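For reference, the chains in residue letters:
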Amino acid sequence: MSANVNTSLPLEYQTEQSRLNILGFWIFLGAEIVLFATLFATYSVLKARYAGGPTPNDLFEIKGILTETILLLTSSFTCGLAIFEMRRNNRNGLVAWMIVTLLLGAGFVFMEITEFINYVHEGATMQTSAFLSSFFVLLGTHGLHVSMGIGWATMIIIQLIRRGLTPTTARKTFIIGLYWHFLDVVWIFIFTFVYLARMVG
Amino acid sequence: MHNHSKGFPLTHVLGFIASLVLTFVALGVALHTSLSYKAIIWIIGSLAVVQALLQLYMFMHMNESEENRATNTINIYFAIFMAIILVAGSVWVMSFGM
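### Thoughts on the overall build of chain B
Next up, step 1: Check the secondary structure of chain B and you find 3 helices and 0 strands.
Next up, step 2: Taken from N to C terminus, the helices and strands of chain B fall in the order α-α-α.
Next up, step 3: Over its C-alpha atoms chain B spans a radius of gyration of 18 Å, topping by over 25% the 13 Å that the globule rule assigns to 98 residues.
Next up, step 4: If you line up chain B on its principal axes, its C-alpha atoms span 60 × 35 × 10 Å.
Next up, step 5: Split into buried and exposed, the 98 residues of chain B put 35% on the buried side.
Next up, step 6: Nonlocal contacts in chain B, meaning residues at least 24 apart in sequence, comprise 51% of its contacts between residues at least 6 apart.
Next up, step 7: Here chain B has roughly 5900 Å² of accessible surface; of this, 75% comes from carbon and sulfur atoms.

### Let's talk about the nonpolar core
Next up, step 1: In this structure, F135 and Y195 of chain A are the most contacted members of the largest nonpolar core, which totals 78 residues.
Next up, step 2: Listing elements by their share of this core, those giving two or more residues are helix 1 (16-46), helix 3 (62-87), helix 4 (91-121), helix 5 (130-163) and helix 6 (167-195) of chain A together with helix 1 (10-32), helix 2 (37-59) and helix 3 (69-94) of chain B.
Next up, step 3: Among the elements that line this core, the one with the most residues is helix 6 of chain A, at 15 residues.
Next up, step 4: Residue contributions to this core reach at least three from each of two domains, namely domain 1 (8-61) and domain 2 (66-98) of chain B.
Next up, step 5: Counting 5 residues, the second largest nonpolar core, distinct from the first, contains F77 and L81 of chain A together with F16 and F59 of chain B.

### Details of the environment of A96 of chain A
Next up, step 1: Topologically, A96 of chain A is positioned in helix 4.
Next up, step 2: The spatial distance from the C-alpha of A96 of chain A to the C-alpha of I157 of chain A is 9.5 Å, given a sequence separation of 61 residues.

### Section: the packing of aromatic side chains
Residues and elements named next belong to chain A.
Next up, step 1: Following the criterion strictly, the structure yields 23 aromatic pairs over all chains and no others.
Next up, step 2: Centre to centre, the rings of F36 and F182 are 6.3 Å apart; their planes meet at 55°, and the pair counts as tilted. With a gap of 146 residues between them, F36 in helix 1 and F182 in helix 6 connect regions that are remote in the sequence. For the pair F36 and F182, one class covers both residues: buried.
Next up, step 3: Between the aromatic rings of F135 and Y195, the centroid separation amounts to 6.1 Å while the plane-to-plane angle is 80°, which identifies the pairing as edge-to-face.

### A word on the domain arrangement of chain B
Next up, step 1: Segmenting chain B into domains produces domain 1 (8-61) and domain 2 (66-98).
Next up, step 2: Once you take the C-alpha centre of each, domain 1 of chain B and domain 2 of chain B turn out to be 20 Å apart.

### A closer look at a nonpolar patch on the surface
Residues and elements named next belong to chain B.
Next up, step 1: A contiguous nonpolar patch, built from F78, F81, M82 and I85 and spanning about 400 Å² of accessible area, is present on the exposed surface.
Next up, step 2: Note on placement: M82 falls in helix 3.
Next up, step 3: Classification of M82 as partly exposed rests on a relative accessible area of 32%.

### Notes on the packing of helix 1 of chain A against helix 6 of chain A
All names here are of chain A.
Next up, step 1: For the pair helix 1 and helix 6, the least separation of the axes is 11 Å and the interaxial angle reads 20°. When the axis of helix 1 is compared with that of helix 6, the two are roughly parallel. Note on packing geometry: the crossing formed by helix 1 with helix 6 is right-handed. In this structure, helix 1 contributes Q17, S18, N21, I22, F25, W26, L29, E32, I33, F36, F40 and Y43 to the contact, and helix 6 contributes P167, R171, F174, I175, L178, Y179, F182, V186, F189, I190, F193 and V194.
Next up, step 2: Looking at the contact of helix 1 with helix 6 residue by residue, the class counts come to 19 nonpolar, 3 polar and 2 charged.

### So, the interface of chain A and chain B
Next up, step 1: Contacts between the two partners involve 52 residues from chain A, matched on the other side by 52 residues from chain B.
Next up, step 2: When chain A packs against chain B, the two sides together hide about 4400 Å² of surface, and 76% of this comes from carbon and sulfur.
Next up, step 3: Taken together, chain A and chain B are joined by 2 salt bridges.
Next up, step 4: A salt bridge links E67 of chain B to R19 of chain A, with the nearest nitrogen and oxygen atoms 2.6 Å apart.
Next up, step 5: Summed over the shared surface of chain A and chain B, the result is 6 residue pairs in polar contact (both at pLDDT 80 or more).
Next up, step 6: Elements with a contribution of two residues or more to the side of chain A that touches chain B: helix 1, helix 3 and helix 6 of chain A.
Next up, step 7: No other element matches helix 1 of chain A, which puts 15 residues into the side of chain A that touches chain B.

### Some points on the pattern of salt bridges
Next up, step 1: In this structure the tally under the stated criterion is 4 salt bridges over all chains.
Next up, step 2: With a closest N to O distance of 2.8 Å, E64 of chain B and R87 of chain A form a salt bridge. A residue pair is termed interchain when its members come from two chains, as with E64 of chain B in the loop between helix 2 and helix 3 and R87 of chain A in helix 3. Note on accessibility: E64 of chain B and R87 of chain A belong to one class, buried.
Next up, step 3: Linked by salt bridges that have partners in common, E12 and R87 of chain A together with E64 of chain B make up one network.

Cut-offs and rules
Residues numbered from 1 in each chain as written. Chains lettered and ligands numbered in written order. Predicted model: local features only at pLDDT ≥ 70, side-chain atom pairs only at ≥ 80, totals over all residues. Heavy atoms only, no water. Helix = DSSP H or I, 4+ residues; strand = E, 2+ residues; numbered from the N terminus. Rg over C-alpha atoms; globule rule 2.2 N^0.38 Å. Buried < 20%, exposed > 50% of the residue type's maximum accessible area, 1.4 Å probe, protein only. Contact = heavy atoms within 4.5 Å. Areas by Shrake-Rupley, 256 points an atom, 1.4 Å probe, with all protein chains shown as cover. Core = buried A, V, L, I, M, F, W, Y, C linked by side-chain atoms within 4.5 Å. Domains from an automatic or database assignment. Phe/Tyr/Trp six-rings, centres within 6.5 Å; stacked < 30°, edge-to-face > 60°. Patch = residues over 30% accessible without salt bridge, like charges linked within 9 Å, V, L, I, M, F, W, Y side chains within 5 Å. Salt bridge = Lys/Arg side-chain N within 4 Å of Asp/Glu carboxyl O. Axes fitted to C-alpha atoms, helices over the stretch in contact; angles between N-to-C directions. Parallel < 35°, antiparallel > 145°, perpendicular 65-115°, else oblique. Left-handed = near helix turned anticlockwise from the far one by under 90°. Nonpolar A, V, L, I, M, F, W, Y, C, P; charged D, E, K, R; others polar. Buried area = accessible area lost by both parts, 1.4 Å probe. Polar contact = N/O pair within 3.5 Å; in protein donor to acceptor, adjacent residues only side chain to side chain.

Here is the structure:
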């Protein structure tokens, strides 16, 4: 399906197939928004059901949460720079920024796992209360997305190194870029409503 | 949509700086002001929405595809609409009898 090729467009948009794949990925992201909305809804309903267990005041510490936020936000920025380099046809720049992005992402996952381990040591497990069940499911789903994104992007980087920048590898890179930015968008709402809003006063 | 981007990624840098500012303003409002709880939720919620839109347009270039711009936009805004109904609807329904 290489009909309707338009070489005046950026590499990742040149073939009809690529344009449809990118559109299809946006539709998937629409479904992801709804998936995360169900988890946010669950958290919002159950957020005050502590069952005698720890509350946000006992658990949340702004320093670690802010570090996670900055790590993910910066990784979203470097991922944007990677796509920017791709559009300048600079494969090495693209690969370098993608690696920086993944290192920041790995830092985020490490911080989050450390945070969870600390909570469990303080007696806050998934089984402790409805608040913590919904908390761990929402945060865990997001963390799992980031972890899978790291694995996915690693495979894309290997393809970029072995095959170079082609309309196909450019499209795949662009799509993982959309996915990565989306995870940062979800985190903005986690940061705001799961953490900040519970630490007021 | 630019095939050959210029040397400096201006939109990305601006988007990044704006995101950092929004994050720290939200943090400051939530933890270091004595506004009412309701006011704080509205302010930090609005800041989050602004930052999300910034990511969608400045980093993800949601409206750059000439061919699929309308489909993309309708799809994402419909998903956002569903998200609001799900969250606000659940909170509203479950607020009865509390």
